[in-house]
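Okay, here's what each chain looks like letter by letter:
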Amino acid sequence: MCFTLLTTLLTAQVSKSNDKTPQVMEVKSLIAAMKKSEQNLRSANSESKRLENLLNDVQQTIYFYSGKVKSYGNKPNSLFTDASSLSSIASSNISVENIEILTVKIDDTADLNIPIDLSVLSNFSKLNYVYILSNISTTDTSIIKLIKNINPGYTVFYKIDKSE
């Protein structure tokens, strides 16, 4: 009886650790959660402030759409692309060593049929954030289902901008 209980507990623990899927959150919820967890820290260099800076301030940026690269700045730390171009990033000549944030735009309903496979980002050594920005009306669930192969080192979040 004790052996069965112990085996059951160990099996449950192993499957629990293997099922650890990184959480994907809406951007405002993510920043609020970050600020709440940093509340007792007195550091001026908080992760939430860094993320807000990357999202709201002008950055040195690379734009990669349809195989074409446009780079602005000497050491770009931001990369913009769309769902259909993401898969060809690995075979492009993009300088990725300083990229901290990747924004994947969804501008067309057809993009909701293209998986966002994050395994193509394996050579991005400084990548911390993956931001999915939908400019079309969709659901949270639809966006989350698109994202594949999330590296646990990335913070993945999204925004659905229904302003159109």
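In this text, all values refer to a predicted model and were calculated from it rather than measured experimentally.

Caption draft 1: Spatial organisation of helix H3 (residues 47–56). Looking at H3, one finds that the buried residues are Ser-48, Leu-51 and Leu-54. Taken end-on, H3 shows its buried residues confined to a sector of 125°, consistent with a single buried face. Turned more than 90 degrees away from the buried face of H3, the exposed residues are Lys-49 and Asn-56. Contacts from the buried residues of H3 go to helix H2 (27–38), strand E5 (101–106), strand E7 (129–134) and strand E9 (155–160).

Caption draft 2: Structural view of the pattern of salt bridges. Under the defined criterion, the tally for this structure stands at 2 salt bridges. Close ionic contact of Lys-35 with Glu-52 constitutes a salt bridge, the shortest N to O distance being 3.1 Å. Of this pair, Lys-35 sits in helix H2 while Glu-52 sits in helix H3, and the two are 17 residues apart along the sequence. One salt bridge connects Glu-100 with Arg-50, and the closest N-O pair in it is separated by 2.6 Å. With Glu-100 in the loop between helix H4 (83–86) and E5 and Arg-50 in helix H3, this pair connects stretches of sequence that are 50 residues apart. For Glu-100, a relative accessible area of 17% corresponds to the buried category.

Caption draft 3: Examining the sheet that holds strand E1 (residues 24–26) more closely. The 7 strands are arranged E1-E9-E7-E5-E4-E2-E3 in an open sheet whose pairing can be described as mixed. The strands lining the two open edges of the sheet, one partner per strand, are E1 and strand E3 (68–72). The average angle at which neighbouring strand axes cross in this sheet is 20°, direction not considered. Taken together, the 6 bridges between E5 and E7 define a ladder with parallel strand orientation. The partner of Ile-101 across the bridge, within E7, is Tyr-129. Most of the contacts of H2 go to E1, to which it runs at about 100°, and overall it touches E1, E7 and E9. Packed on one face of the sheet, H3 meets E5, E7 and E9 and runs near 45° to E7.

Caption draft 4: Geometry of the nonpolar core. Counting residues in each nonpolar core, the largest one holds 30 residues, and the members touching the most others are Leu-79, Leu-86, Ile-116, Leu-118, Leu-121, Val-130 and Ile-132. Of all the secondary structure elements, the ones that give two or more residues to this core are strand E2 (61–65), H4, E5, E7, helix H5 (140–146) and E9. Among residues more than four places away in sequence, those in contact with Ile-116 are Ala-83, Leu-86, Val-104, Ile-106, Ile-132, Leu-146, Ile-147 and Lys-148. Counting residues in hydrophobic clusters, the runner-up holds 12 residues, among them Ile-31, Met-34, Ile-101 and Leu-133.

Reading the values: the criteria
Residues numbered from 1 in each chain as written. Predicted model: local features only at pLDDT ≥ 70, side-chain atom pairs only at ≥ 80, totals over all residues. Heavy atoms only, no water. Buried < 20%, exposed > 50% of the residue type's maximum accessible area, 1.4 Å probe, protein only. Helix = DSSP H or I, 4+ residues; strand = E, 2+ residues; numbered from the N terminus. Arc of directions from axis to C-beta. Contact = heavy atoms within 4.5 Å. Salt bridge = Lys/Arg side-chain N within 4 Å of Asp/Glu carboxyl O. Pairing = 2+ DSSP bridges. Axes fitted to C-alpha atoms, helices over the stretch in contact; angles between N-to-C directions. Core = buried A, V, L, I, M, F, W, Y, C linked by side-chain atoms within 4.5 Å.

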